[in-house]
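Structure assessment
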Amino acid sequence: MMRAHQGAIRAFLRRLTRESALADDLAQISFLKAYEQRDKLRDGQAAKSWLFQIAYRSFVDHHRKEARRRGLAEGHIDDETPLAPAGLKMDIEAAMNTLPMECRAVVILCLAHGMSHSEAATATDLPLGTVKSHVARGKAKLRTFLSAYEKVN
C-alpha cells in the first residue's frame, strides 16, 4: 500500500518544501508514522488520502517548528511566502511558490496528484468548502501570475 504511493508522497513534499533533502526526510518520517498507525486505516480506498494527510501533517509540524526557531532567533515570526523576484524567468513552480502554504498544498493535491476536493480535505484536515475556495483562489492567482509573466516576456 505505502510503496504504491511513495513517489507521489515524495513529489508532493518536494513541491511543498522546495528542498529535496528536507522532502525526503519528511517522507521518511511520514512513512514511519504511517507504519506505526497502520491499524487505524480501515478503508483501503482511503489509503491515498490517509498517507497524504500524514505527509501534510509532517510538513506543517516541521514548518511550524522552523517558524518558531526563526522567530526566536530574529525576534519575530514571518510566515509569509515570499513573492517571486521580478526580472527572472518565471515558471509554474515559481508561480506556485507565491501561494500561501495551505492553498499551495491543496492545489498540488488536486491538480498535480488528481485528488478530488474531498480527498484533499481529508489529506489536509481542512473543511471541504475551504479546500474548494483554496483551489479556486489558487487557480485564479496562478492564472493572474502567469498571464502577467506572459505580458512581460
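Before going into details, it helps to say that this report is about the structure given with it. Throughout, residues of each chain are indexed from 1 in the direction in which the sequence is written. Since the coordinates come from a predicted model, pLDDT governs what is reported: local features require at least 70, and pairs of side-chain atoms require 80 or more to be given and counted, while whole-chain, interface and lining totals use all residues. Working from all heavy atoms in the structure, the side-chain values ignore hydrogens and water.

Here the focus is the overall build of the protein. The way it works is that DSSP assigns letters per residue, a run of H or I at least four long becomes a helix, a run of E at least two long becomes a strand, and they are numbered from the N terminus. Helix and strand counts for the protein come out as seven helices and zero strands. Buried, partly exposed and exposed residues are distinguished by accessible area as a fraction of the type maximum, computed with a 1.4 Å probe on protein chains only: under 20%, between the cut-offs, and over 50%, respectively. Counting across all 153 residues of the protein, residues that qualify as buried make up 39%. In what follows, a contact means two residues having at least one pair of non-hydrogen atoms within 4.5 Å. Contacts in the protein between residues at least 24 apart in sequence constitute 61% of all its contacts with a sequence separation of at least 6. Note on areas: these come from Shrake-Rupley sampling with a 1.4 Å probe, and a residue is covered only by the protein chains present in the view. Surface exposure of the protein reaches about 9,200 Å², of which carbon and sulfur atoms provide 52%.

Right, let's get into helix α6 (residues 117–124). Where α6 is concerned, the buried positions are Ala120, Ala121, Ala123 and Thr124. The buried residues of α6 occupy an angular sector of 165° when projected down its axis, which confines them to one face. Note on α6: the residue one or two positions beyond its end, Asp125, has a positive phi of about 60°. As used here, the arc belongs to the directions running from the helix axis to the C-beta atoms.

With that settled, the discussion passes to the packing of aromatic side chains. In this analysis, rings of Phe, Tyr and Trp, with Trp reduced to its six-membered ring, are considered paired at centre separations within 6.5 Å, and the interplanar angle assigns stacked below 30 degrees, edge-to-face beyond 60, and tilted for intermediate values. According to the stated counting rule, one finds two aromatic pairs in the structure shown. Note on Phe12 and Phe52: the rings are 5.3 Å apart at their centroids and 70° apart in plane angle, and the pair reads as edge-to-face. Of this pair, Phe12 sits in helix α1 (residues 2–17) while Phe52 sits in helix α3 (residues 47–74), and the two are 40 residues apart along the sequence. For Phe12, a relative accessible area of 0% puts it in the buried group. Geometry around Tyr35 places Arg38 over its ring, the cationic atom sitting 4.0 Å from the centre. Criterion for a charge above a ring: Lys NZ or Arg CZ within 6 Å of the ring centre, and within 35 degrees of the ring normal.

Opposite charge on two side chains allows them to pair when their charged atoms are near. The salt bridge criterion pairs a side-chain nitrogen of Lys or Arg with a carboxyl oxygen of Asp or Glu, the two atoms within 4 Å. Throughout the structure, instances matching the rule amount to four salt bridges. Of the charged contacts, one joins Arg10 and Asp24 as a salt bridge, the two residues approaching to 3.3 Å between their closest N and O atoms. Of the two residues, Arg10 is situated in helix α1 and Asp24 in helix α2 (residues 20–36); the sequence distance between them amounts to 14 residues. Accessibility expressed as a relative area gives 25% for Asp24, which makes it partly exposed.

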